[in-house]
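This is what each chain is made of:
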Amino acid sequence: AKELGGDNYKFYTHAMREQLGERVQMENALRQALERREFVLYYQPQVDIGSGRIVGMEALIRWQHPEMGMVAPGRFIPLAEETGMILPMGAWVLRSACQQLRTWQSEGHRNLRVAVNVSARQMAEQGFVGSVADVLVEAGLDPTCLELELTESLVMNDVEHAIVVMRQLKKLGVKLAIDDFGTGYSSLAHLKRFTVDVLKIDQAFVRDLTVDPDDAAIVTTIIALAANLNLQVISEGVETLEQLSFLRAHGCSQMQGYYFSRPVPASAFGAVLDENDAR
Ligand code: C2E
Ligand code: CA
Ligand code: CA
Ligand code: CA
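Residues numbered from 1 in each chain as written. Chains lettered and ligands numbered in written order. Predicted model: local features only at pLDDT ≥ 70, side-chain atom pairs only at ≥ 80, totals over all residues. Heavy atoms only, no water.

- As annotated in an unreviewed UniProt entry, the protein chain carries the name EAL domain-containing protein and comes from Pseudoduganella plicata.

Here is the structure:
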């Protein structure tokens, strides 16, 4: 049978079908992943350079698929956002991270906070603030020990709504951070209205910090901005001593990155905390 466009067309639909099949497969697998307990949280330390101590950790989701192996969040978070599966997934992340920190605290590890990534869909959901409050009570966790990381694009999605939700979250007592700061589209006028506690410098600016004067300028400006607005600042993606030294010299004392540790499973993080307490 002669189809429109001949072989090219057939090839095209075949490729499309394959892609679609892959997507549907991924979607189905993702749908089952929660029930099958295939998600795990890894934790990456956040270090205060002044004291040399771990002050917190960021919870980062991993998908341990029986056939695909370890799937990085970059490969499934966008699909989870699109399909709405980010809602049950995000709820699971929040609950697990809070319970895990509570466990570490009851084991004697004090003065720690846990940072949890929040997606736009979660933030837009009715009852998000209530669910955060419930999780905190259920876990028995002090609200000030929870830091929610919001991206600029998430907040800019619906600025007015985001500002309302941020105020409610602040009333609960949780800490708020702007993730990937400087990469999004929020203006300084908006920042003034955001009730955030922390600016998190994106690793894209940190990477070439010591060789690219533009990146160096951006980073020092963000640090100065945070200081002037009375906000804390933390750098992500710190991989080298040179980056660390630059950041410290310019007044950024909290850092996160491979230089200190890669994200590790909770079981391994316990040992990291033991070491930290011995310091
Ligand atoms: P993010 O929030 O910016 O997280 C930081 C990412 O940088 C993590 O990638 C982390 O493993 C990686 N990283 C940490 N230190 C270094 C370093 O020194 N060098 C380099 N090159 N990379 C470093 P990961 O775990 O693959 O997560 C990717 C993104 O997926 C996250 O970016 C976040 O946007 C999203 N994500 C992860 N977990 C969750 C989650 O539970 N919920 C939501 N909504 N998003 C999540
Ligand atoms: Ca983050
Ligand atoms: Ca980032
Ligand atoms: Ca991010």
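## What about the layout of surface pockets?
Thought 1: Roughly 880 Å³ of volume is contained in the largest pocket.
Thought 2: In terms of lining, the largest pocket is formed by 36 residues, of which the most central are Glu-58, Leu-60, Pro-73, Asn-117 and Asp-179.
Thought 3: Mapped by element, the contributors of at least two residues to the lining of the largest pocket are strand E2 (53-65), helix H2 (73-83), helix H3 (86-106), strand E4 (113-117), helix H4 (120-124), strand E5 (146-151), helix H6 (152-157) and strand E6 (175-181).
Thought 4: Partitioned by chemical class, the residues of the lining of the largest pocket number 15 nonpolar, 12 polar and nine charged.
Thought 5: Its volume calculated, the second largest pocket comes out at about 350 Å³. (1 Å grid on protein atoms, 1.4 Å probe; cavity = no way out; pocket = protein on both sides within 12 Å on 5 of 7 lines; lining within 4 Å. Points joined across faces, edges and corners; volume = space filled by probe spheres on them. Helix = DSSP H or I, 4+ residues; strand = E, 2+ residues; numbered from the N terminus. Nonpolar A, V, L, I, M, F, W, Y, C, P; charged D, E, K, R; others polar.)

## Observations regarding the coordination of the calcium ion (ligand 4)
Thought 1: At the metal site, the calcium ion (ligand 4) is ligated by Asp-179 (OD), Asp-180 (OD) and Asp-180 (OD), and these contacts range over 2.5 to 2.9 Å.
Thought 2: Separating the calcium ion (ligand 4) and the calcium ion (ligand 2) is a distance of 4.1 Å, and Asp-179 donates to both of them. (Donors = N, O, S within 2.8 Å, 3.2 Å for Na, K, Ca; no water.)

## Some words on the pattern of salt bridges
Thought 1: Considering all chains together, one arrives at nine salt bridges under this definition.
Thought 2: The partner of Arg-23 in a salt bridge is Glu-82, and the shortest N-O contact between them spans 2.8 Å. Linking Arg-23 in helix H1 (residues 6-33) with Glu-82 in helix H2, this pair joins segments that are 59 residues apart in sequence.
Thought 3: When its relative accessible area of 33% is taken as the criterion, Arg-23 is described as partly exposed.
Thought 4: Using a relative accessible area of 54% as the deciding quantity, one classes Glu-82 as exposed. (Salt bridge = Lys/Arg side-chain N within 4 Å of Asp/Glu carboxyl O. Buried < 20%, exposed > 50% of the residue type's maximum accessible area, 1.4 Å probe, protein only.)

## Observations concerning the coordination of the calcium ion (ligand 3)
Tetrahedral metal sites with four donors have an ideal angle of 109.5 degrees; octahedral sites with six donors have ideal angles of 90 or 180 degrees.
Thought 1: For the calcium ion (ligand 3), the full set of protein donor atoms is Asp-180 (OD), Asp-202 (OD) and Glu-236 (OE), and the range of their distances to it is 1.9 to 2.5 Å.
Thought 2: In primary-sequence terms, the residues that donate to the calcium ion (ligand 3) follow D-x21-D-x33-E.
Thought 3: The distance between the calcium ion (ligand 3) and the calcium ion (ligand 2) comes to 5.8 Å. Placement of Asp-180 in strand E6 and of Glu-236 in the loop between strand E8 (232-235) and helix H11 (241-249) is noted, with a sequence separation of 56 residues between them.
Thought 4: Owing to a relative accessible area of 9%, Glu-236 belongs among the buried residues under this scheme.

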